[in-house]
Amino acid sequence: MRQLESAVRRSARWIAPFAAVTALFAVGAGALAAMPKPTLVSTHQSKRGKVLAAANGHALYMFTADKTGRSSCSGSCANTWLPLLTSARPTGAANSGVNSKLLGTIKRSSRVLQATYNGHPLYVFSRDKSAGQINGEGANQFGGHWYVVNTNGNAVKPKSGGGGTVCH
């Protein structure tokens, strides 16, 4: 009887890990299918040079009032300057010049993720109606300025003072 109990214990030591690995493969296949697709960040050529763009070609902007790791744009601001939301860490489009190491996320107050580049939360201007437009460039709205972002992660500011939309 002791030999039988010992044999069962030895077998159980192998069966449990085997069952766990089998379960992981079964769950893993389903989990991979259910995993969210990351937001794609690309670039486009604008009158300010090569700037970051959403997958649809709309320019991406940064807001000077944002603090490190936190967006300062909510409510009516977020209705005009649409946060680039994501369900996973964003990725850079191949051969676009986007540095994937500079991509990241922050949690907005609503607990959803917003894409960042070089630490800057990214936004799309609601009045840019087609790819390549940068109608919000230099705007002074909601307590700060809005600038398109270059592939180095810096604001692309107008060369002279002027330009841009002023709204409150």
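Basis of the calculations
Throughout, a residue's number is its position along its own chain's written sequence, starting from 1. pLDDT decides what is reported in this predicted model: residues at 70 or higher carry local features, side-chain atom pairs at 80 or more are listed and counted, and totals for whole chains, interfaces and linings draw on all residues regardless. Only hydrogens and water are set aside; all other atoms, that is, all heavy atoms of the structure, feed into the side-chain values. When two cysteine sulfur atoms are found within 2.5 Å, that pair is recorded as a disulfide. Here's how the labels work: a residue is buried when its accessible area is under 20% of the maximum for its type, exposed when over 50%, partly exposed in between, all with a 1.4 Å probe on protein chains only. In this analysis, rings of Phe, Tyr and Trp, with Trp reduced to its six-membered ring, are considered paired at centre separations within 6.5 Å, and the interplanar angle assigns stacked below 30 degrees, edge-to-face beyond 60, and tilted for intermediate values. Helical segments are the DSSP runs of H or I of at least four residues, strand segments are the runs of E of at least two, and each set is numbered from the N terminus. Each polar contact in these results corresponds to two N or O atoms within 3.5 Å; when the atoms are within protein, one needs to be able to donate a hydrogen and the other to accept it, and residues that are neighboring in sequence are counted only if both atoms are side-chain atoms. Any pair of residues with heavy atoms lying within 4.5 Å of one another is described as a contacting pair. A residue's pLDDT is the confidence the predictor assigns to it, expressed on a 0 to 100 scale. Here the nonpolar core consists of buried residues drawn from Ala, Val, Leu, Ile, Met, Phe, Trp, Tyr and Cys, with membership extended through side-chain atoms lying within 4.5 Å. Paired strands, as defined in this entry, are two strands with at least two bridges between them according to DSSP.

Scanning the entire structure with this criterion turns up one disulfide. Two residues share a disulfide in this structure: C73 and C77, whose sulfurs sit 2.0 Å from each other. One disulfide, between C73 and C77, carries an S-S torsion of -110 degrees and so falls in the left-handed class. With respect to burial, C73 and C77 carry one shared label: buried.

Moving on: the packing of aromatic side chains. Inspection of every chain in the model, using the stated rule, returns six aromatic pairs. Consider the rings of Y61 and W81, whose centres lie 5.0 Å apart with planes at 75 degrees: the pair is edge-to-face. One end of the pair, Y61, is in strand β3 (residues 61-63); the other, W81, is in strand β4 (residues 81-83), and 20 residues separate them in sequence. Judged by its relative accessible area of 0%, Y61 falls in the buried class. Look at W81 and you get buried, because its relative accessible area is 0%.

Position of T116 relative to the elements: it lies in strand β8 (residues 113-117). Among the polar contacts listed, one links the side chain of T116 to the backbone nitrogen of T105, at a separation of 3.4 Å. Once residues lying within four places of it in the same chain are set aside, the contact partners of T116 are L102, L103, G104, T105, I106, P121 and L122.

Turning our eyes to something else, we now look at the confidence of the model for the protein. Residues of the protein with pLDDT of at least 70 account for 73%, and the chain-wide mean is 81. This stretch, residues 8-35, has a pLDDT under 50; its non-local contacts, to residues over four places away or in other chains, come to one contact. Across residues 162-168, where pLDDT falls below 50, the model places 14 contacts with residues more than four positions away in sequence or in other chains.

Ranked by size, the top nonpolar core spans 16 residues in total, and within it Y61, F63, C73, W81, Y123, W146 and V148 carry the most contacts. Elements supplying a minimum of two residues to this core: β3, α2 (76-80), β10 (123-125) and β12 (144-149). One finds L60, L84, L122 and Y147 within the second-largest nonpolar core, a separate group that totals 14 residues.

Turning next to the sheet that holds strand β2 (residues 49-54). Taken in spatial order, the three strands make up an open sheet running β2-β1-β6, and their pairing is mixed. Unpaired on one side and paired on the other, β2 and β6 (91-92) mark the two borders of the sheet.

Attention now goes to the pairing of strand β7 (residues 103-107). Sheet topology places β7 next to β8; five bridges connect them, and they run antiparallel. Counterpart to L103 in the pairing with β8 is Y117. Turn length for the β7-β8 hairpin, with the two strands adjacent in sequence and antiparallel, is five residues, and the turn residue R111 shows positive phi of about 75 degrees.

On to the environment of T68. By the element assignment, T68 lies in the loop between β3 and α2. Taking the C-alpha atoms as reference points, T68 and N118, separated by 50 residues in sequence, lie 10.0 Å from one another.

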